[in-house]
Structures are given as C-alpha cells and as structure tokens.
Amino acid sequence: MNRLQTEIAGMTLKNPIMPASGCFAFGSEYNAFYDLNQLGAICVKAVTPEERKGNPTPRVAESEAGMLNAIGLQNPGLEVVTNDILPKLASLNTSVIVNVAGKQIEDYEIVAARLSNEPAVSALELNISCPNVKEGGMSFGTDPETARVLTERVKAVSDIPVFVKLSPNVTDIVNIAKAVEKGGADGLSMINTLLGMRIDPKTGEPILANGQGGLSGPAVKPVAIRMIYDVSQQVSIPIIGMGGVQSAADAIEFILAGASAVAVGTANFVNPLVCPEIIHDLPSWLDEWGVDSVQELVGRSWKSCSATL
Amino acid sequence: MNRLQTEIAGMTLKNPIMPASGCFAFGSEYNAFYDLNQLGAICVKAVTPEERKGNPTPRVAESEAGMLNAIGLQNPGLEVVTNDILPKLASLNTSVIVNVAGKQIEDYEIVAARLSNEPAVSALELNISCPNVKEGGMSFGTDPETARVLTERVKAVSDIPVFVKLSPNVTDIVNIAKAVEKGGADGLSMINTLLGMRIDPKTGEPILANGQGGLSGPAVKPVAIRMIYDVSQQVSIPIIGMGGVQSAADAIEFILAGASAVAVGTANFVNPLVCPEIIHDLPSWLDEWGVDSVQELVGRSWKSCSATL
Amino acid sequence: MMVADYQVVAHEEIAKNIYEITLRHDPLPAFVAGQFVHVKVDDTSSPLLRRPLSVARIDVEDATITLIYRSGGLGTNRLTKKQVGDTVNVLGPLGNGFMVDQVGSGDHAVLVGGGVGIPPLYELAKQLNERGVRVTTILGFQDKDTSFYVRAFSKIADVYVTSDDGSIGIEGNVSSAWPLIKDPIDWLFACGPKPMLKACVSWRNQVRKASFVSLEERMGCGIGACLACVCETTQGQRKVCSDGPVFTAEEVCL
Amino acid sequence: MMVADYQVVAHEEIAKNIYEITLRHDPLPAFVAGQFVHVKVDDTSSPLLRRPLSVARIDVEDATITLIYRSGGLGTNRLTKKQVGDTVNVLGPLGNGFMVDQVGSGDHAVLVGGGVGIPPLYELAKQLNERGVRVTTILGFQDKDTSFYVRAFSKIADVYVTSDDGSIGIEGNVSSAWPLIKDPIDWLFACGPKPMLKACVSWRNQVRKASFVSLEERMGCGIGACLACVCETTQGQRKVCSDGPVFTAEEVCL
Ligand SMILES: Cc1cc2nc3c(=O)[nH]c(=O)nc-3n(C[C@H](O)[C@H](O)[C@H](O)COP(=O)(O)OP(=O)(O)OC[C@H]3O[C@@H](n4cnc5c(N)ncnc54)[C@H](O)[C@@H]3O)c2cc1C
Ligand SMILES: Cc1cc2nc3c(=O)[nH]c(=O)nc-3n(C[C@H](O)[C@H](O)[C@H](O)COP(=O)(O)OP(=O)(O)OC[C@H]3O[C@@H](n4cnc5c(N)ncnc54)[C@H](O)[C@@H]3O)c2cc1C
Ligand SMILES: Cc1cc2nc3c(=O)[nH]c(=O)nc-3n(C[C@H](O)[C@H](O)[C@H](O)COP(=O)(O)O)c2cc1C
Ligand SMILES: Cc1cc2nc3c(=O)[nH]c(=O)nc-3n(C[C@H](O)[C@H](O)[C@H](O)COP(=O)(O)O)c2cc1C
Ligand code: FES
Ligand code: FES
C-alpha cells in the first residue's frame, strides 16, 4: 500500500507533493537533479494563447524570508507549448497540471479547450490573479461573480479537472472560493502570491523593474495556512495548498489545515532537491501521527479525530 | 535646525520615529532602556471603554521573519487609563498617540470624546481592524462606507488629530483610505497585521489559543510598502507607516514609499533599543541623499525630484 | 535590565540535546536565582524572536552566567552553533527570581524540577546551601540520556531522581519521590511542566512556610510591554515575564 | 550540475570588503572558466535566496574552487562569517562559461574586467596562458583599497590597471587603457558593470576573431526554471543563468 497516495479531483497522485506553477518551468531543469516521476504531479508555468515576453528585469527582489517576483507570465504561447513542450512531458509517469492565464475569459477558454485534449495534460489550474482587461484591470480573482463566470465557462470547454488558483489579496477569500465552487471547479489552488513591493533606500527606485510584484516564500506561510483553514471548512472541493512550504513539517501543517495536496514554489530555488526530500520525509510524519494514509490528516486541525479515523 | 523634525496632521514631532501600538504598552518598560523623550512620539496600547481580559495564552507564535499575535486588546479600560496611566505620560516631552478600539461605533466615540480632553494625549489612532459586532462581526476596516461613518462620528467628538489605522486584509486598500479621508481623518496609520495562522504539525492544534492572529515583523514589509506606495498617491492626508521596520534603511524605505512618519512594532521585542538606534542613524541617510530635512524624502519614490527639492 | 553582547566562554552538550553555555559580560549585571535572560540566538531574522532561558549559574567573580537548554526548535538549534569566542546578545536579567532572602539558615527547602525546569534550581540550591539552608531536590527526567547535573546537585543537596522510563532513579514522575521526603518541609520551590507544577501546588499545605512555582509562557518582549505572557492569579492577570516567572503557590491559577 | 556542501579550506579578506574563499568538494564536478555557482550562505531563511558568484580559480587536483566576492548586502555579509572547516552549500557548476577551446596558441586575447567582474577572468587567463595564448588584461577598480589579484594576473598576463580615483594604475575606467593596447587583438572577453560591457561591445570591430561578454542579472533559481534572469538577444529572450552568463558581443542587446 502506498501511504502517500492522494486522490484529488478524480486524479490519483502517488503522493501529495508537486512543484508550484512558475517555479519549475516545464520540468526539464529539475530533471537534472532527480527523476521527475517521483513527484505527485508537476504544475507547469502559466500558458497564454499568444507568446508573452514578460516584464523587464530585474524581475525578482529578495525580502526577509521571502521574494518578490514580477516575471509577467513570460511563455512561448499555446502553440509552442502544445507542439514542442507538452510532447516531452507525455512520457512522464506523473500527472501534469498546466497553469492557464489570460486577460479576458476567452483567453482561458482558448487555452483550456486546446489543452484539455492533450494526452500529456491531466488537469488545468486557472491563474485568476491576472488583471482582467475587459473588466478594467481588476483581477478575476477579486470579484466572486467574475471568478464564478470564468470558472463556469472554462469548465464548459474542459474535459479534465479544473483547479482555480485563488489570489490572497482579497478581503474575503471564502466568498471567492464558494463562488468558484459554484462555478463548477474541481478543486482550488491557494495561495498565489501576496502583492508586495521593495524600494531601494539608496535610490528611491523600486527594485523590481515592474514596480510591484508577488511575495512568496516562508514569509507568507501563516497567511496561506489561515486561508486554507478557513476555506477548506466551507467548500467541499479539494485544495492544493502552497505558500512558503520548505519541509515535510510545513507540508503536514498545510495538510492539517485542510489541503489535500501541497505545492512547493520558491523553496525549489533554495534547494533543488526539496520536493523529493519532502516526499522522503513524509512517511515518518505519518508514523508520528500513527496513520496509514496521508489522506487521513487532511483538515485534521478542524475535523474531529473520530471523523477521520 | 532639526533635520528630523516632522510635521504631521498639525503635530510637530522631533523625528518621524515612534513605537507602534501594542508593542510598547504605555511606555514605562522601555523607559528602563532609554529616555522616551528621544522618540518622535509614543503610540500606546489600544484602549476600550471597559476593561478587556484579552485572549487565552499562548498569545504569540513565531513564523519565519515574523510573529503572530492574538493579544485580544487586553487593557484596563478607559477609566483606569485616564486616571492612572495617562497622568504618568503627561510629563513627557513627546507626543502621545492613543490607539482606540471597540466593538461598535459608540465605543470609539466614548473613548475618543474622553481622551481628546486629556492634556497628555496628542492624537488618536482608531484601530478599525476589530470585529464590528453591530455589523455582524465583519471588521470596520474592510468596508469603506462603515469606515467613513466611523471616522466621521469620532471626528465629531474629537478636538485632537485622528489617525485611522487601516487593515491590510482587504482587496482594495486605496478605496478604504479614500473613504476614511472623506470621513475627515487627519491621517492614516498603515498597516495593521495580516491575518495569519500557525498549526503545530505534531498536534494538529493551532499554536495560538485563539486559533488565528495577526502577522507582523519583517515578513510583512513588502506588503506594507506596496500599500503605502499606492495609498499615498491617492490621498492628501499624511501616513504613519509600519510593518516590519527594523532599521533606518527600512524607515527610509517607508518614507520614500510615502509615509511621513514611521512606527516600529515587533522590532522592539528583538532589540529594545531599536527606536533610538534608528533615530540615531537617520541623519546619515539624509546626508547620503543630500537633503536637509527628512520631510523632503516623503514619497520620493513616486514624486519627481523637482517637486520636492 | 540591559541588553548587551555576551561572550561565549564555554559551550558543550552535557546530555542528549541538552547544552550548557557559559556567557561572560564584565561588568555583569546583578542576577538573582530564578531570573531569566532573553537570548537573541542570531543576528538575522531567523529566528526573529528572542528565546527565554533561565540562569542556571551565576558567577559574579568570573562575570559569567551559565544557561542550560534543550535544543529542538529553530532557535535553540541555532544556539548550539555558537562557539567559544562568539557573542550572544542577551537581554536581562529579567523577571523576579526566587526570594532567597526570606529563607533562614537551618530551614528545610525542597526544590522540585522537571526537565529544562531544573536549571534555575541549581543556582537556587547553591545559594540556599551557602546560606546554611538544608536543601532537598527532586529532579525529574525523561530518561537517563537526557539527565544532567545530578552529581552537581548531590554536592549541595539531598537528591531524588525520577525518570519516566526508570532508566535513572525512580521510575515515574516527581510525584513518586515526594512521599519519600520524611522531614518537615519549610519551603517548596518548583519549576517544570505544568502538570508537575499543579502537583506541587497541591502539596502546598504540607509546606510550613511558603511554596513558589516558576511558570513558562510563550513570550514576545520579555519585559512586560506586549502582554503576550499573561497568567491568571488571585490578583488578576499578571505577566509571567515581568511579574513572574516566580509566583506563590497561593496566587497562581494553573 | 549538482548541489552539495563544500568545505571552506581558506577564507580571507584580500582587499577592502573583498573576500577570497576556497571551497573543497571531492570529487569536484567539472568546472569551466566563466561558470558560476549559486551559494546558500546560511542554512536558515535569512537570506532566503542563493547568491550567484563566479568561479575565480579551479584546482582540479586539490578538488577546490575559489570565489572572490564583495561583501555589502545581507547575503555576502553573512558569507564573510564562514570559517575554515565550515560548510557552504553550493549549487553548480552553472552557466555556459567561456569557450576557451577555440582560442589557439599564439592568439592574442584581451580580458577586460571591472570590480567583482574580474574574478572569472582569472581562471580564464590562467587557462589561456596554459594554452600558449598571449593574454592582456585590463583590470578596472574603484580605488587602490578595493583592488585585488593584480600581482596574480601579472604572472600570466600583461596587465593594465585603472582606478576611478587614480590611486592605483591609470585614473579613469577601463576605456582609458584600451587605446594603450597596440598589438592586434584576436579575442575579447569582458565581465563587469553594464556600462563597461557596453564599451566592450562597441570595440568588437577592433577584435579579429570574437568578443564575449559575461552578464549579471538578479536571479531566482539559477538553473533556468524561473525566468527571472532573462536578457534580450538577437535570438530573442535568453536566460543569463543557463543560456549565459557568457554571450557573444554580437548577440547581446545591452
Ligand atoms: C521564563 C522561562 C525560562 C525558561 N528557561 C529555560 C531553560 O532554562 N532551559 C530550557 O531549555 N528552556 C527554558 N525555557 C523554555 C524555552 O524558552 C523554550 O524551550 C525555547 O524558547 C524554545 O525555543 P526553540 O527555538 O527550541 O523552539 P521553537 O519551536 O523554534 O520556538 C518557537 C517560539 O515558541 C516559543 N516557545 C517554544 N517553546 C516554548 C516554551 N516551552 N516556553 C516558552 N516559549 C516557548 C519560542 O520562544 C519561540 O518564540 C524557559 C521558558 C521561559 C518562559
Ligand atoms: C553570474 C553572476 C556572477 C557573479 N559573480 C560575482 C563574483 O564573482 N563576485 C562578486 O562579488 N559578485 C558576483 N556577482 C554579483 C553577486 O551575485 C551580488 O553581488 C550578490 O548577489 C549580492 O548579494 P548581497 O547579499 O551582497 O546583496 P543583497 O542586497 O542582500 O541582495 C539581494 C538580492 O539581490 C541580488 N543581487 C544584488 N546585487 C546583485 C548583482 N549585482 N547581481 C545579481 N544579483 C544581485 C542578490 O543575489 C539577492 O537575491 C555575480 C552575479 C552574477 C549574476
Ligand atoms: C518566480 C515565480 C513565478 C511564478 N509564476 C506563476 C505562474 O506563472 N502562475 C501561477 O499561478 N503562479 C505563479 N507563481 C506563484 C506560485 O505558483 C505559488 O503560488 C507562490 O509562489 C507561493 O508558493 P511558494 O511560497 O512556495 O513559492 C510564481 C511564483 C514565483 C516565485
Ligand atoms: C503584540 C502586538 C500587539 C499589538 N497590538 C495592537 C493594538 O493594540 N492596536 C493596534 O492598532 N495595533 C496593534 N498591533 C499592530 C502593530 O501596531 C503594528 O501595526 C504591526 O505589528 C506591524 O508593525 P511591526 O511589523 O513593526 O510589528 C500589535 C502588534 C503586536 C505585535
Ligand atoms: S513577553 Fe511581553 S509582556 Fe511578557
Ligand atoms: S535565475 Fe531562474 S531562470 Fe535564471
């Protein structure tokens, strides 16, 4: 029996650990460090209908226990991803989740419709933190109704599970989560980065060429845990949790908070081996808890023990 | 000439540095380390009409480059503060800002009306992150209209400057800031803590007895900088900036972002001398910038140089 | 109370995951047994907060204090890396300490400690012994591997040792040793985990003069400014860091 | 490419705020001049990210690499604390490095370096010199206090030194020395601040074979996965960490 096996949104993952979108490109770089088939899944970089150049550099800045990024969704576009990149992932014996971004609902539909027919792709993850040009720049992820409609329309063109990745930069994330669930999402990913900024005290210039960017890394972990804890009690779809995970202890904290699977982003830059190391360390945590399967720990911080045992 | 002198909301501070509310009690503890008259101002712990016991312990938890607190507004209540505590502060030769909290608008009115007649009190700071019992528990700080009304009503009973302390846990902080300005606030304080949570991976229990708490410290600095940068360009009232300040370089970063004064919270716990050390180090930053007065640097990250020089 | 860099003059692992570190600062501020220091184990933000650690030995002549701590978390693990010659930033002395002055020569004092609650009792035992007080200690450990200072205590006190697994001393917790003390007890001083303190508080009627317990609570500032570390007492809420950590068995509500 | 703990075998300040650290790992992976390593200066999250540093010397026999870095920020300041015997976590070798193989014996190569752009040129000069290449270097420093490795270069190359304040060598930047090189130049290799690289790119027509510049960019992963470090080239966007840091003067758009 595989104690780490994780059932999520109809997928069976060999374990709950995956790299987070944007931190793993399309996988080939980390393949130099370990066999990607060890991973529960791979979540690849955001794909948009057309090629995107992204933002000018510097695109990253450091902060205490965190980093800011403003990559700006650089990607070669749907055509190149489908024709040149995904075929290379098809031979992998692990699930591939493709992150989808866009400026209007049609963008998401186009990418989703095409990718959902690709054998290499197991699921989609909608990045709804991007500014919505049609609605005047406010992101899809900050208005429950817009998020619901987006989810519904993407679901209508997708034959594979659709996860919606929530932005933490909102007053009431439970509301957005519920709206997305109502829109038919198969699962949630949370959290995306916190909007942040660094200014160089010597020059007065923002460190990022783009001015502001997204904060990730251990600094944001308590915010992620809080949101997952709150949302997981209010929705019945599974959550891929992320935000500052660096160790198996962190992954367990996310799972106890209510995440069914856990994605690791920034920590890959610090330690390229972090994902396999976490996977390796998880069973001893199951021993410590005296449970057979990692799935018994999902939401244990708020579920009473008797409910799961 | 005092290069650090700071005019803010009609007050003249000898420098822009002050301890943040809740991190300095009513001042006497830090008095053992240095003369409090060195400080630009002192911002004391939240006062409510009645005594509050606060939350059960543990009330603090650590996270990477941050801490969570759930003190729960413990304070001896308006009577005791006015009769026993404020008189001790009256002899200080620095401004005292009193943080005010409550569960309904009337609470704020009661405290503000009384304190605004106390000679020891220079200004009020309304902590609007508390849950609003009348409006069903949603905090005053998350709805612009509620925040505006609260500000207006407190202003109506106060003869001294009123700062409103904004919660960062909102989708659109600029909106709240504008509403508060419209309500007549003399200034803004930002940011209060980010809602966060830690779960003990060994027990599955939240580390804080209260479950969730407020994240402060260096971890949140990029979020604070971003919000101050955005808000300062959209309002014309001054901002007391805070969130993770540990050094003069950090204080300068806040000032460049748009803060007129800077409050230091968590860092006092790490280094009790941090406030005087920052004050000591600021002039060399002014030299580096080649400016005579710290006020010339306020908002310099977005103001063109010619506008301020 | 002051904040200063202290120099590490000795540092070693004296039992499994138990370290003894000696820190020098000349002039040494006046420490009282039972007080603690708030230690910044690193000059970065990792970890951010200081760690409260009791003073286990005070050497005025040598201008040193000795701390004994268990490593395990981020901060204490980091502290183990400090080498002789390095500095450690120390805020202290903090808290009230044990009121040794009241204890008269010839009195019988019993000191009950569990795990890393034992360190502050060592300096206390030393001072009481110097005052001519008869000292009996009950030292409770998890097991033999994590036990420490048994011999040191033996030189200045009658010692009962207990361990959870019986690998050293009596099998069981400190309560197993308590009935073995036959002589009348004038003073009781206790420091350790909450269940142990509760037991000690329940024994207070068997103590002729007074019983004291030293509490632990998660701390922010360590000096009374943040209200993180409150405890309930018969006089209302008190701060463990500045009103304690030592309280009378009568006043604490555990 | 691998990630491993390397042992510090030497570490000293060789000029003002300029440190030389030698790290051993046996077996040493195959390093090429001009490649860099991504260094974790501490095992905590402060600082969080690795720091990219060029390899200044490769000693295959000794299984060591030497890095030369300027301290100043959070990470490099922290790195200065490492002592002989400590370990440093190193990710590398990274990047493409300089293509030494194409440079023939008897060719004349000019190496232009500014400040902490100089380190990778030392290993390059050494290898070129061993191949029988005639090497000329222009080393640009801020001032005498921050200058380093001038004597080391002198043993294997003709050296021109410039400094901003004239306290060592010619007053001015590397451009002041360029006209002094009278012999025909076959190869140009440059590493340093952007304005310097721009000057070097503008000289490429005076170079008979090829000119290369090594770029710097803020990095996340260091291995091509995060897209933080892109630069514009005639072939579109490239990643400094994995497609570079060395590019031909023809292809880069500075
Ligand atoms: C007055 C006082 C005296 C103490 N004296 C000693 C002593 O002499 N020797 C010793 O080994 N331990 C002592 N402790 C306990 C010691 O403070 C904790 O073991 C230590 O803070 C844990 O830090 P960490 O880095 O290992 O754990 P982490 O898990 O990294 O700690 C995270 C946070 O929780 C706090 N924390 C965790 N456990 C405790 C605890 N038991 N009590 C208070 N805060 C805690 C830490 O201070 C930190 O803020 C004392 C505690 C208090 C309050
Ligand atoms: C391929 C490459 C090779 C390099 N080789 C050397 C070398 O041999 N010797 C040397 O002294 N320096 C070298 N640098 C520059 C060196 O990486 C920076 O000086 C260093 O990262 C600054 O770290 P800090 O902790 O001092 O600064 P901090 O201000 O704490 O750095 C904050 C963040 O910004 C990044 N950063 C700051 N300055 C730079 C910079 N100039 N280039 C890239 N990232 C930066 C840091 O890596 C970190 O992520 C190289 C840079 C690159 C890209
Ligand atoms: C460099 C970088 C690029 C990212 N790109 C994307 C992206 O393309 N799409 C997306 O949904 N999230 C993206 N993210 C967010 C991460 O997937 C993740 O949600 C976030 O970083 C929090 O996790 P972490 O703290 O483990 O990094 C990116 C994060 C980083 C650091
Ligand atoms: C222990 C603690 C108690 C606090 N109590 C209050 C309070 O009573 N009222 C308030 O408005 N803010 C309170 N705050 C928030 C701080 O004033 C400040 O806004 C926040 O901590 C961010 O600053 P920092 O990162 O410098 O700590 C408290 C913060 C801490 C850490
Ligand atoms: S720790 Fe701050 S009041 Fe005790
Ligand atoms: S640093 Fe990540 S791609 Fe270059």
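What counts as what
- Residues numbered from 1 in each chain as written.
- Chains lettered and ligands numbered in written order.
- Predicted model: local features only at pLDDT ≥ 70, side-chain atom pairs only at ≥ 80, totals over all residues.
- Heavy atoms only, no water.
- Near = heavy atom within 4 Å.
- Polar contact = N/O pair within 3.5 Å; in protein donor to acceptor, adjacent residues only side chain to side chain.
- Areas by Shrake-Rupley, 256 points an atom, 1.4 Å probe, with all protein chains shown as cover.
- Nonpolar A, V, L, I, M, F, W, Y, C, P; charged D, E, K, R; others polar.
- 1 Å grid on protein atoms, 1.4 Å probe; cavity = no way out; pocket = protein on both sides within 12 Å on 5 of 7 lines; lining within 4 Å.
- Points joined across faces, edges and corners; volume = space filled by probe spheres on them.
- Pairing = 2+ DSSP bridges.
- Helix = DSSP H or I, 4+ residues; strand = E, 2+ residues; numbered from the N terminus.
- Axes fitted to C-alpha atoms, helices over the stretch in contact; angles between N-to-C directions.
- Contact = heavy atoms within 4.5 Å.
- UniProt positions renumbered as here; feature names shortened; annotations may be inferred.
- Buried < 20%, exposed > 50% of the residue type's maximum accessible area, 1.4 Å probe, protein only.

1. Considerations on the site of ligand 3
All names here are of chain A.
Argument step 1. In the vicinity of ligand 3, 22 residues are found, and the nearest of them are Ser-21, Lys-165, Gly-217, Gly-244 and Thr-266.
Argument step 2. In this structure, Ala-46 approaches ligand 3 through a main-chain N or O atom, which is 3.5 Å from an oxygen atom.
Argument step 3. Contact between ligand 3 and Gly-244: an oxygen atom at 2.6 Å from a main-chain N or O atom of the residue.
Argument step 4. For ligand 3, whose accessible area on its own is 610 Å², the fraction buried by protein is 97%.
Argument step 5. For the shell around ligand 3, the per-class residue count stands at seven nonpolar, 13 polar and two charged.

2. Points about empty space enclosed by the protein
Argument step 1. Counted by the stated rule, this structure contains two cavities of 30 Å³ or more.
Argument step 2. Of the volumes computed, that of the largest cavity is approximately 110 Å³.
Argument step 3. Around the largest cavity, the lining comprises 14 residues; the ones closest to its centre are A:Pro168, A:Leu194, B:Pro168, B:Asn169 and B:Leu194.
Argument step 4. Here the lining of the largest cavity is built from residues that sort into 10 nonpolar, two polar and two charged.
Argument step 5. By volume, the second largest cavity is sized at about 30 Å³.
Argument step 6. A:Met18, A:Pro19, A:Ala20, A:Ser21, A:Cys43, A:Glu125, A:Lys165, A:Ser189, A:Ile240, A:Met242 and A:Ala263 together form the lining of the second largest cavity.
Argument step 7. Class assignment of the residues belonging to the lining of the second largest cavity gives a composition of seven nonpolar, two polar and two charged.

3. Some words on the sheet that holds strand E11 (residues 194–197) of chain B
Hydrogen bonds along the backbone pair up the strands of a sheet, which may run parallel or antiparallel.
Argument step 1. Pairing within the open sheet is antiparallel, and its four strands lie in the order E5-E6-E12-E11 (chain B). Two strands close off the open sheet at either side, each with one partner strand: strand E5 (60–63) and E11 of chain B. Across the sheet, the axes of successive neighbouring strands diverge by a mean angle of 40 degrees, strand direction being ignored.
Argument step 2. Pairing analysis gives four bridges linking E5(B) to strand E6 (residues 66–69) of chain B, with the strands arranged antiparallel. By the bridge assignment for E6(B), B:Glu62 is matched with B:Met67.
Argument step 3. Packing against the sheet, helix H5 (residues 221–232) of chain A makes contact with E5, E6, E11 and strand E12 (212–216) of chain B, and its axis sits at approximately 75 degrees to E11(B).

4. Describing the UniProt feature "binding site: [2Fe-2S] cluster" (unreviewed entry) in chain C
Argument step 1. UniProt records the feature "binding site: [2Fe-2S] cluster" (unreviewed entry) for C:Cys221, C:Cys226, C:Cys229 and C:Cys241 in the present numbering. In summary, the annotated positions, though distributed over 21 residues, converge in three dimensions, the widest C-alpha pair being only 10.2 Å.
Argument step 2. Its place among the elements puts C:Cys221 in the loop between strand E13 (207–214) and strand E14 (230–233).
Argument step 3. If near-sequence neighbours (up to four positions away) are discounted, C:Cys221 is found in contact with B:Tyr30, B:Phe269, C:His38, C:Leu91 and C:Cys226.
Argument step 4. When near neighbours in sequence (up to four residues on either side) are disregarded, C:Cys226 contacts B:Gly22, B:Ile71, B:Phe269, C:Gly220 and C:Cys221.

5. Things to note about the site of ligand 2
Argument step 1. Taken together, 20 residues lie near ligand 2, and D:Arg51, D:Pro52, D:Gly75, D:Thr76 and D:Glu216 sit nearest.
Argument step 2. Surrounding ligand 2 are residues belonging to chains A and D, so the site spans chains.
Argument step 3. Contact distances for ligand 2 include 3.1 Å between an oxygen atom and a backbone N or O atom of D:Leu74.
Argument step 4. D:Arg218 is positioned such that a nitrogen or oxygen atom in its side chain is 2.8 Å from an oxygen atom of ligand 2.
Argument step 5. Relative to its free-state accessible area of 830 Å², ligand 2 is covered by the protein chains to the extent of 83%.

6. Examining the UniProt feature "binding site: FAD" (unreviewed entry) in chain C
Residue and element names in this part refer to chain C.
Argument step 1. Per the UniProt entry, the sites bearing "binding site: FAD" (unreviewed entry) are Arg-51, Pro-52, Leu-53, Ser-54, Ile-68, Tyr-69, Arg-70, Gly-75 and Thr-76 in this numbering.
Argument step 2. Looking at the element boundaries, Ser-54 is found in strand E4 (residues 51–54).
Argument step 3. When residues no more than four places from it in sequence are discounted, the contact partners of Ser-54 are Gln-35, Phe-36, Thr-66, Leu-67 and Pro-120.
Argument step 4. Under the relative-accessibility criterion, Gly-75 is labelled buried at 1%.

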